[in-house]
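# Observations on the model geometry
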Amino acid sequence: NQLKAIYDLFKGEVKIIKEPNHLSFLKNASLEKITKWYIDAHYKNIRKAVGLSKANNTVLVERSPISSIAFMKAYLNKNKNYVNKEIRRLEKELIRISNSSIHKPTFLYLQKNTASALDRLNSRPYLKRLASKRSLSVLSRNMERILINFKKKGVINLHILKHE
């Protein structure tokens, strides 16, 4: 079980901060507006996690700005400069967290099964427009590339979990 494997990586109490959900705040907004909302919500969750971790808790945050940054490239066709600016912003935040903590941020990345991801997108009316095998592949490759580069730079610890 993937969840058990995650809990086994950490000792002590584990707090979970759920993925933000734009549907409570933005009903009929553009993908660009929704993506901006997610990036801001992810940074808010990171700040919350840092506060919780100061009490020696392990904090798992569902998703991060990386998913939104990769989404920009896969679905919004944002230019490389814009995407790189967002990557640098996140890298600075992660370095700040590392410098103010005894632990490096750790990312857990679950490699998704494309077929099951497409099924999930197609099962929800508000996500059907995103159900493209090509775009999902670009999204996954970009997320992995960003995470691996951060790991190589020593900014994060990274655990990649295979989809079961």
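Further up the page is the structure itself.
Residues numbered from 1 in each chain as written. Predicted model: local features only at pLDDT ≥ 70, side-chain atom pairs only at ≥ 80, totals over all residues. Heavy atoms only, no water.

### A closer look at the nonpolar core
Selection criterion: As used here, the term nonpolar core means buried Ala, Val, Leu, Ile, Met, Phe, Trp, Tyr and Cys residues forming a set that is joined through side-chain atoms within 4.5 Å. Partly exposed describes any residue whose relative accessible area lies between the buried limit of under 20% and the exposed limit of over 50%, with all areas from a 1.4 Å probe on protein chains only and scaled to the type maximum. Numbered from the N terminus, helices here are DSSP runs of H or I no shorter than four residues, and strands are runs of E no shorter than two. Residue contacts are defined here by distance: any two heavy atoms, one from each residue, within 4.5 Å place the two residues in contact.
One finds Ile-66, Leu-90, Phe-150 and Ile-156 to be the most contacted residues of the largest nonpolar core, which totals 33 residues. Every element with two or more residues in this core is listed here: helix H2 (31-53), helix H3 (65-75), helix H4 (80-99), strand S3 (106-111), helix H5 (114-123) and helix H6 (133-152). Ignoring any residue separated from it by four or fewer positions in sequence, one finds Leu-90 in contact with Tyr-43, Ile-46, Pro-65, Ile-66, Ile-69 and Phe-150.

### Section: the packing of H2 against H4
Defined as follows: Lines fitted to C-alpha atoms define the axes here, with helix axes fitted over just the stretch in contact, and angles between the N-to-C directions of these axes take values from 0 to 180 degrees. Roughly parallel covers angles under 35 degrees, roughly antiparallel covers those over 145, roughly perpendicular covers 65 to 115, and oblique covers all other angles. Gly is put with the polar residues, along with every residue not named as nonpolar or charged; the nonpolar set is Ala, Val, Leu, Ile, Met, Phe, Trp, Tyr, Cys and Pro, and the charged set is Asp, Glu, Lys and Arg.
The geometry of H2 relative to H4 is characterised by a closest axis approach of 12 Å and an angle of 5° between their N-to-C directions. Relative to H4, the element H2 lies roughly parallel. Across the interface between the two elements, Ile-39, Asp-40, Tyr-43, Ile-46 and Val-50 from H2 touch Glu-86, Arg-89, Leu-90, Glu-93 and Ile-97 from H4. Residue composition of the contact of H2 with H4, by class: 6 nonpolar, no polar and 4 charged.

### A short note on the packing of aromatic side chains
How we decide: Centre distance within 6.5 Å is the pairing criterion for rings of Phe, Tyr and Trp, where only the six-membered ring of Trp is used; planes under 30 degrees apart are then read as stacked, over 60 as edge-to-face, and the remainder as tilted. Placement of a positive charge over a ring is assigned whenever Lys NZ or Arg CZ falls within 6 Å of the ring centre and within 35 degrees of the normal to the ring plane.
Scanning the model with the defined rule gives 2 aromatic pairs in all. Ring geometry for Trp-37 and Tyr-38: centres 5.1 Å apart, planes at 80°, overall edge-to-face. Of the two residues, Trp-37 and Tyr-38, both sit in the buried class. Measuring from centroid to centroid gives 4.6 Å for Phe-71 and Tyr-75, while their planes differ by 25°, and the two rings are stacked. In this pair, Phe-71 and Tyr-75 both sit in helix H3, 4 residues apart, roughly one turn of the helix. The class of Phe-71 is buried, set by a relative accessible area of 14%. With relative accessibility at 16%, the residue Tyr-75 sits in the buried group. The ring of Tyr-82 has Lys-78 sitting right over it, with the charged end atom 4.7 Å from the ring centre.

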